[in-house]
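Inside the fold
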Amino acid sequence: KFMKNLNSDHLCTELNFIIISNQLVLELDRILDKYQIEIVRYLDLNYILKLFEEDNFEFSTMLHKVKNGYNSNEVILVPKTLKKYGIFEKFFQLFS
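Residues numbered from 1 in each chain as written. Predicted model: local features only at pLDDT ≥ 70, side-chain atom pairs only at ≥ 80, totals over all residues. Heavy atoms only, no water.

1. Description of the packing of aromatic side chains
Applying the stated rule across the entire model yields 2 aromatic pairs. Each ring, one from F52 and one from F57, has its centre 5.7 Å from the other, and the planes form 80 degrees; the classification is edge-to-face. On the accessibility criterion, F52 (1% relative accessible area) is buried. Residue F57 is classed as partly exposed on the basis of its relative accessible area, which comes to 33%. (Phe/Tyr/Trp six-rings, centres within 6.5 Å; stacked < 30°, edge-to-face > 60°. Buried < 20%, exposed > 50% of the residue type's maximum accessible area, 1.4 Å probe, protein only.)

Structure (structure tokens):
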């Protein structure tokens, strides 16, 4: 957890990157696509258990909390979407 009003000359930040290979994701997508199943989000079991190690929640409750932003310090990277605007959309954005 992050401490508020932290005042120090030295600060250390710990980052953990949880990565799934693109090859595995593509393979899972290909297999599940046959059954009209799509994976929207992957969750790491060890991360979830460590996050709630001091709490006594049911696993389904832990999953629900993580999916709904329980860890306010968690960062999720999303792909940038570039939308091309037509001349009229650009014009109206200019005045909005």
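2. Examining the environment of I31
For I31, the position within the fold is in helix α1 (residues 22–33). Taking the relative accessible area as the measure of exposure, I31 reaches 36% and is therefore partly exposed. Between the C-alpha atoms of I31 and P79, which are 48 residues apart in sequence, the distance is 23 Å. (Helix = DSSP H or I, 4+ residues; strand = E, 2+ residues; numbered from the N terminus.)

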